[in-house]
Amino acid sequence: MELRQLSYFVAVAEELHFGRAAERLHIVQSAVSQQIQRLERELGAELFDRSPRRVRLTGAGERLLPEARAVLAAADRARAAVAAPAGLRLGTCTGLGAHLDRVLAALAERAPDVSVDLVSLPVSERLARVAVGGLDAAFVRAAEPPPGVRVLPLWPDTLVAAVPATHPLATRPEIDLADLAGLPLALTARRDNPALVDLVVGACHDAGFEPVPAAVNGSLQNTLATIGARPLWTVVYASHARVLHTPRVAYVPFRAPGLALATGLAVSAAGPTPHLEELLTACGDHES
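Calculation criteria
Residues numbered from 1 in each chain as written. Predicted model: local features only at pLDDT ≥ 70, side-chain atom pairs only at ≥ 80, totals over all residues. Heavy atoms only, no water. Helix = DSSP H or I, 4+ residues; strand = E, 2+ residues; numbered from the N terminus. Buried < 20%, exposed > 50% of the residue type's maximum accessible area, 1.4 Å probe, protein only. Contact = heavy atoms within 4.5 Å. Areas by Shrake-Rupley, 256 points an atom, 1.4 Å probe, with all protein chains shown as cover. Lys, Arg positive; Asp, Glu negative; His and termini not counted. Charge placed at Lys NZ, Arg CZ, Asp CG, Glu CD. Polar contact = N/O pair within 3.5 Å; in protein donor to acceptor, adjacent residues only side chain to side chain. Axes fitted to C-alpha atoms, helices over the stretch in contact; angles between N-to-C directions. Parallel < 35°, antiparallel > 145°, perpendicular 65-115°, else oblique. Left-handed = near helix turned anticlockwise from the far one by under 90°. Nonpolar A, V, L, I, M, F, W, Y, C, P; charged D, E, K, R; others polar. Pairing = 2+ DSSP bridges. Phe/Tyr/Trp six-rings, centres within 6.5 Å; stacked < 30°, edge-to-face > 60°.

Visitor: I'd love a proper account of the overall build of the chain, names of residues and values included.
Guide: Broken down by element type, the chain carries 10 helices and nine strands. Reported as C-alpha extents along the three principal axes, the dimensions of the chain are approximately 60 × 50 × 30 Å. The buried share of the chain, taken over its 288 residues, is 44%. Taking the intrachain contacts of the chain between residues at least 6 apart in sequence as the baseline, contacts between residues at least 24 apart amount to 73%. Surface exposure of the chain reaches about 14800 Å², of which carbon and sulfur atoms provide 53%. Distance between charge centroids for the chain: 6 Å, based on 27 positive and 30 negative side chains.

What follows is the structure, encoded as structure tokens:
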């Protein structure tokens, strides 16, 4: 049994999709499938119930998942104990956009000798790695920290509506959420971002309508490309919209009070990690 196999298993178990797991791991899907099959042969048990329409954990897979996570966390701790990193290992979240650019610029000005290793992971894994020392800190939104982690508040991330550039709403300076009731909503699956989905769907209900779901496939870029060709809408963080170049899509602010999720910095509750003070100062500089 290899750590790589356990890492692939955890990725598939969290995504419940071999293609999304491969994209997250930055490898081809066939490599993920082969390693999972080898792990299943070694353990003598099927870990996933595979069907043409969905992937689910078997009973054996459900029992293995917490053990696999524990092994990977122990491996992270072992690596950290041998050699402390010289730089800052920072977990990022989707849509930081201009926020991240400005924080990194402020950090480079204050601590030019500190290298920054940016790590993109699902929020649950970001928090787990902060807890065991695999990351020095991580940006998170509306996240409940696990034991051993605390979240320091940073800033609210405002959401804007992304609509086709040819739609009448695209020319307005701001819109009400109810103005979008006639358009299908292309939103990520709730398992991938429960805080965002609950915020948007709850706001639609408060505005008096039930959003009609539109099929979402792949990345935000794919969703925006689809919106450019069809009458759909989604939400994008305003900070991200500023750096997205999509001429067929317009980003329109919501009328006050609008929609926003709180962004914070997840850090170890045990004590400060290297360069945390410089990072927090850079985040403060960004907000000033």
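Visitor: Describe in detail the side chain of Asp157, supporting the description with residues and values.
Guide: Mapped onto the fold, Asp157 is located in strand β6 (residues 149–164). Residue Asp157 is classed as buried on the basis of its relative accessible area, which comes to 1%. In terms of polar contacts, Asp157 uses its side chain to reach the side chain of Arg141, at 3.0 Å.

Visitor: Could you give me a rundown of the packing of helix α1 (residues 3–15) against helix α2 (residues 18–25), with the residues and numbers involved?
Guide: Interhelical geometry of α1 versus α2 gives an angle of 125° and a closest axis separation of 8 Å. It follows that α1 is oblique to α2 by the angle criterion. Considering how the two elements wind past one another, α1 and α2 form a crossing that is right-handed. Mapping the contact onto sequence places Ser7, Tyr8, Ala11, Val12, Glu14 and Glu15 in α1 and Phe18, Arg20, Ala21, Arg24 and Leu25 in α2. Taken together, the residues of the contact of α1 with α2 sort by class into six nonpolar, one polar and four charged.

Visitor: Outline the pairing of strand β5 (residues 137–141), supporting the account with residue identities and numerical values.
Guide: In terms of burial, β5 is largely enclosed, as five of its five residues are buried. Burial along β5 is two-sided: the face carrying Ala137, Phe139 and Arg141 and the face carrying Ala138 and Val140 are both buried. Direction of pairing for strand β3 (residues 88–92) relative to β5: parallel, over a ladder of two bridges. For Gly91, the partnering residue across the bridge sits in β5 and is Ala138.

Visitor: Tell me what's going on with unusual backbone geometry, and back it up with residues and numbers.
Guide: Here Ala256 and Pro257 are connected by a cis peptide whose omega angle stands at 10°. Inspection of the secondary structure puts Pro257 in the loop between β8 (249–253) and β9 (259–268). At Leu16, a residue that is not glycine, the phi angle is positive and equals roughly 50°. You can see Leu16 is positioned in the loop between α1 and α2. Given a relative accessible area of 31%, Leu16 falls into the partly exposed group.

Visitor: Describe the packing of aromatic side chains, and please don't skip the residues or the numbers.
Guide: Using the criterion set out here, one finds three aromatic pairs in the structure. Geometrically, the ring pair formed by Phe9 and Phe48 is tilted, given 5.5 Å between the ring centres and 50° between the ring planes. Residue Phe9 is located in helix α1, and its partner Phe48 is located in strand β1 (residues 48–50); the two are separated by 39 residues in the primary sequence. No difference in accessibility class separates Phe9 from Phe48, as the two residues are buried. Seen in terms of ring centroids, Phe18 and Phe48 are 5.8 Å apart; in terms of plane orientation they differ by 70°. Their pairing is edge-to-face. Of this pair, Phe18 sits in helix α2 while Phe48 sits in strand β1, placing them 30 residues apart in sequence. Members of the aromatic cluster, connected to one another through ring pairs, are Phe9, Phe18 and Phe48.

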